[in-house]
Amino acid sequence: ALATLAVIEEEKLLERATRLGEVCLRKGAELKARHSLVGEIRGLGLLFGIELLKPGTNQRATREAEQVMYYALSHGLNFKVTMGNILTLTPPLTISDGQLNRAFEILDEGLRCVTISMLAERISCPAADGCQRAVHVRSSPRTTSKPVMTARLIPCVALWGAAVGVKGLFDERRARGRHPGPRHD
């Protein structure tokens, strides 16, 4: 036990945990700014939680938290969900800066995929009979072509544009004859 305490002191692991905890809270705040699912970020050192709430409400996003967790697990990040909607992360004191950054990238990608899935459930397409296509949800449409998740058949290929906020995608596709359905405004 004394040897463990000596290593913690010699390698300044407590100071490192404090510094990385501040980084985690800052990165968590960035996630909150990008994703409507993220409610509150809390933490002390390298023990922190990301609360997920259904957008526009104070209801716990339990199903969405589970989806983010399984997405993260499939991409190499392991954490637990507390109280059904709090992503509880407790990385080791020896985590590298690169590993911590990658963990937040995976969380960001998972939250993005779950948000797109939520949009898919809410959007209804009047032309659903003739325009169902499989939509590949990508981690970043500009930087990679590798799909990180394939959504179920969605009523309209235009959903991708709605999910990532590409303005005018519907009209552009219609002008090129790629999406003959009615306007989806």
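Thresholds, definitions, all that
- Residues numbered from 1 in each chain as written.
- Predicted model: local features only at pLDDT ≥ 70, side-chain atom pairs only at ≥ 80, totals over all residues.
- Heavy atoms only, no water.
- Helix = DSSP H or I, 4+ residues; strand = E, 2+ residues; numbered from the N terminus.
- Buried < 20%, exposed > 50% of the residue type's maximum accessible area, 1.4 Å probe, protein only.
- Contact = heavy atoms within 4.5 Å.
- Expected span 1.5 Å × (residues − 1).
- Salt bridge = Lys/Arg side-chain N within 4 Å of Asp/Glu carboxyl O.
- Patch = residues over 30% accessible without salt bridge, like charges linked within 9 Å, V, L, I, M, F, W, Y side chains within 5 Å.
- Areas by Shrake-Rupley, 256 points an atom, 1.4 Å probe, with all protein chains shown as cover.
- Lys, Arg positive; Asp, Glu negative; His and termini not counted.
- Charge placed at Lys NZ, Arg CZ, Asp CG, Glu CD.

> For the environment of Leu13, give the residues involved together with the corresponding values.
By the element assignment, Leu13 lies in helix H2 (residues 13-34). According to the relative accessible area criterion, Leu13 is buried, its value standing at 9%. Setting aside residues no more than four positions away along its own chain, Leu13 makes contact with Ile8 and Leu93.

> An account of helix H3 (residues 62-74) is requested, with residue identities and associated values reported.
Because an α-helix completes one turn every 3.6 residues, residues spaced three or four positions apart along the sequence face the same direction. A rise of 1.5 Å per residue sets the reference length of H3, with its 13 residues, at 18 Å; its end C-alpha atoms lie 19 Å apart and thus fit the reference within 8%. Looking one or two places after H3, you find Gly76, whose phi comes out positive at around 95°.

> Describe the environment of Val81, listing the residues and the values that go with them.
Among the structural elements, Val81 can be located in strand S3 (residues 80-82). The exposure class of Val81 is partly exposed, given its relative accessible area of 27%. Along the backbone, Val81 and Glu66 are 15 residues apart, and their C-alpha atoms lie at a distance of 7.3 Å. Excluding its chain neighbours within four sequence positions, the residues that come into contact with Val81 are Ala65, Met69, Ile86 and Leu87.

> Could you give an account of the pattern of salt bridges, with specific residues and numbers?
Taken as a whole, this structure holds 7 salt bridges when the rule is applied. Arg16 is paired through a salt bridge with Asp97; the nearest N and O atoms lie 3.8 Å apart. Residue Arg16 is located in helix H2, and its partner Asp97 is located in helix H4 (residues 97-122); the two are separated by 81 residues in the primary sequence. Bridged by salt links that share partners, the residues Arg16, Arg19 and Asp97 form one connected network.

> Account for a negative patch on the surface, naming residues and giving values.
Where like charges cluster on the molecular surface, the negative patch consists of Glu9, Glu10, Glu11 and Glu15. Within the element layout of this structure, Glu9 appears in helix H1 (residues 2-10). For Glu9, a relative accessible area of 67% gives the class exposed.

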